[in-house]
Amino acid sequence: MSNATQISAAIIGSGNIGTDLMIKILRHGQRLKIAAMVGIDPASDGLARANRLGVATTHEGIDGLLALPDFSEIKVVFDATSAGAHAHHNQLLQQHGVRVIDLTPAAIGPYVVPVVNLETQGDAPNLNMVTCGGQATIPMVAAVARVTDVFYAEIVASISSRSAGPGTRANIDEFTETTSQALQTVGGARRGKAIIILNPAEPPLMMRDTVFCLTPPSDRQAIAEAVAAMVAKVQEYVPGYRLKQDVQFEAISPADAHLYPDLGSEGGLKVSIFLEVEGAAHYLPAYAGNLDIMTSAALACGEHIATRLLQGQGA
């Protein structure tokens, strides 16, 4: 696709996530092209790879990005740094009218999961990608919520310890809080809870996610069909996203309803969904599906923004 029909983007953060995202844009960008890679470590592998691939670089952080000769052409910036740094980055970028996609826990803008709410939230100046566990599990909760009430949603995200870098480990509390909130605000659950497990197994295991939903007595076939349809939608941008087995259902009788505070006295249904996320191995290893789903979701958001910008320009 020619540059005349593409929007220029930059990535702040030359670590694993930023580098994987850069390669995804280079390989799969349609309306989006990568114009700059920004870091603070001149020896980082991400900046070295960007240089080899002909992408403009700076190791002077946000100030270096603003000083680039072609900065005025950059309309979208992905931030893969930290929550604290993102607040400063966003403040400066908004002054230049740049659209920002936030891969940190800062959550300045609305939580966005592409298959659930990108169409309604995609025009916000800052989009937050929630968490890896949120990107994997919120679509499943939303699918159930489209069929019936979800009184309670609980997700367990199990990722390889090797795929959890210093940033992930430092933000474990933010992970659980952010994901829990997004299960409600995006997924549609009345109450949400998130648990993350860093699995030390060797060789490393792929990302696994378990989703539990408590609902009133509901149409099981309709729920299973809604889940399958949502999985297919996620696979459009995360090909390695899949169900590990059929959706499981367990009826909760009125006699046992008191064991589940979120259910009424009439009892209900426990819905269990088991997922696996295999990464595309563009830069990160295939077992790091937790990181791959974040960069894939971010790219989907970037493509949406680019398309809207080009439409606004009459392209």
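Refer to the structure above for everything that follows.
Residues numbered from 1 in each chain as written. Predicted model: local features only at pLDDT ≥ 70, side-chain atom pairs only at ≥ 80, totals over all residues. Heavy atoms only, no water.

Within the secondary structure layout, Asn 128 lies in strand 6 (residues 126–128). A residue is classified by how much of its surface remains accessible, and Asn 128, at 0% relative accessible area, is buried. Here Thr 104 takes part through its backbone oxygen, which lies 2.9 Å from a polar atom of the side chain of Asn 128. Not counting residues up to four positions away in its chain, the partners in contact with Asn 128 are Asp 102, Thr 104, Pro 105, Ala 106, Ala 107, Gly 109, Pro 110, Tyr 111 and Val 112. (Helix = DSSP H or I, 4+ residues; strand = E, 2+ residues; numbered from the N terminus. Buried < 20%, exposed > 50% of the residue type's maximum accessible area, 1.4 Å probe, protein only. Polar contact = N/O pair within 3.5 Å; in protein donor to acceptor, adjacent residues only side chain to side chain. Contact = heavy atoms within 4.5 Å.)

Let us look at the sheet that holds strand 2 (residues 32–38). Taken in spatial order, the six strands line up as 3-2-1-4-5-6 in an open sheet, and their pairing is parallel. Only two strands of the sheet have a single neighbouring strand rather than two, namely strand 3 (56–58) and strand 6. Direction aside, the axes of adjacent strands within the sheet are offset by 25 degrees on average. The pairing of strand 4 (residues 74–79) with strand 5 (residues 99–102) spans four bridges and is parallel. The residue bridging Val 76 from the neighbouring strand is Arg 99, located in strand 5. Lying on the sheet, helix 1 (residues 16–28) is in contact with strand 1 (7–12), strand 2 and strand 4; it crosses strand 2 at an angle near 150 degrees. (Pairing = 2+ DSSP bridges. Axes fitted to C-alpha atoms, helices over the stretch in contact; angles between N-to-C directions.)

Below, the discussion takes up unusual backbone geometry. In this structure, Pro 203 follows Glu 202 across a cis peptide bond, with omega equal to 0 degrees. Despite not being glycine, Val 130 shows a phi value in the positive range, around 55 degrees. Considering the arrangement of structural elements, one finds Val 130 in the loop between strand 6 and helix 6 (132–145). With phi around 60 degrees, Ala 281 is a residue other than glycine that occupies positive phi space. Inspection of the secondary structure assignment puts Ala 281 in the loop between strand 12 (268–277) and helix 10 (289–312).

Looking now at the packing of helix 5 (residues 114–121) against helix 6. Here helix 5 crosses helix 6 at 85 degrees, and the two axes come no closer than 9 Å. Taken as axis vectors, helix 5 and helix 6 run roughly perpendicular relative to one another. Between helix 5 and helix 6, the residues in contact are Pro 114, Val 115 and Val 116 and Gln 135, Ile 138, Pro 139 and Ala 142, respectively. (Parallel < 35°, antiparallel > 145°, perpendicular 65-115°, else oblique.)

As for its placement among the helices and strands, Lys 24 is situated in helix 1. Residue Lys 24 is classed as buried on the basis of its relative accessible area, which comes to 2%. Side-chain polar atoms of Lys 24 contact the side chain of His 282, separated by 3.1 Å. If sequence neighbours within four positions are ignored, Lys 24 has contacts with Gly 29, His 282, Asp 292, Thr 295, Ser 296 and Leu 299.

Now for the layout of surface pockets. Take a probe with the size of a water molecule and roll it over the atoms, and the empty space left behind shows itself. Put simply, the largest pocket is a space of about 920 Å³. Looking at the largest pocket, it is lined by 44 residues, and the ones nearest its centre are Ile 17, Ala 80, Thr 81, Gly 167 and Thr 168. Broken down by element, the lining of the largest pocket gets its largest block of residues, four residues, from helix 8 (residues 172–185). By residue class, the composition of the lining of the largest pocket is 22 nonpolar, 19 polar and three charged. Here the second largest pocket is characterised by a volume of approximately 220 Å³. At five residues, the largest contribution of residues to the lining of the second largest pocket is made by helix 10. (1 Å grid on protein atoms, 1.4 Å probe; cavity = no way out; pocket = protein on both sides within 12 Å on 5 of 7 lines; lining within 4 Å. Points joined across faces, edges and corners; volume = space filled by probe spheres on them. Nonpolar A, V, L, I, M, F, W, Y, C, P; charged D, E, K, R; others polar.)

Here the focus is helix 9 (residues 220–235). Taking 1.5 Å of rise per residue, the 16 residues of helix 9 would be expected to cover 22 Å, and the 23 Å separating its terminal C-alpha atoms lies within 8% of that figure. The distance from a side-chain oxygen at the start of helix 9 to the backbone nitrogen of Gln 221 is 3.1 Å, and the residue carrying that oxygen is Asp 219. (Expected span 1.5 Å × (residues − 1).)

These values are about where atoms sit, not about what they do.
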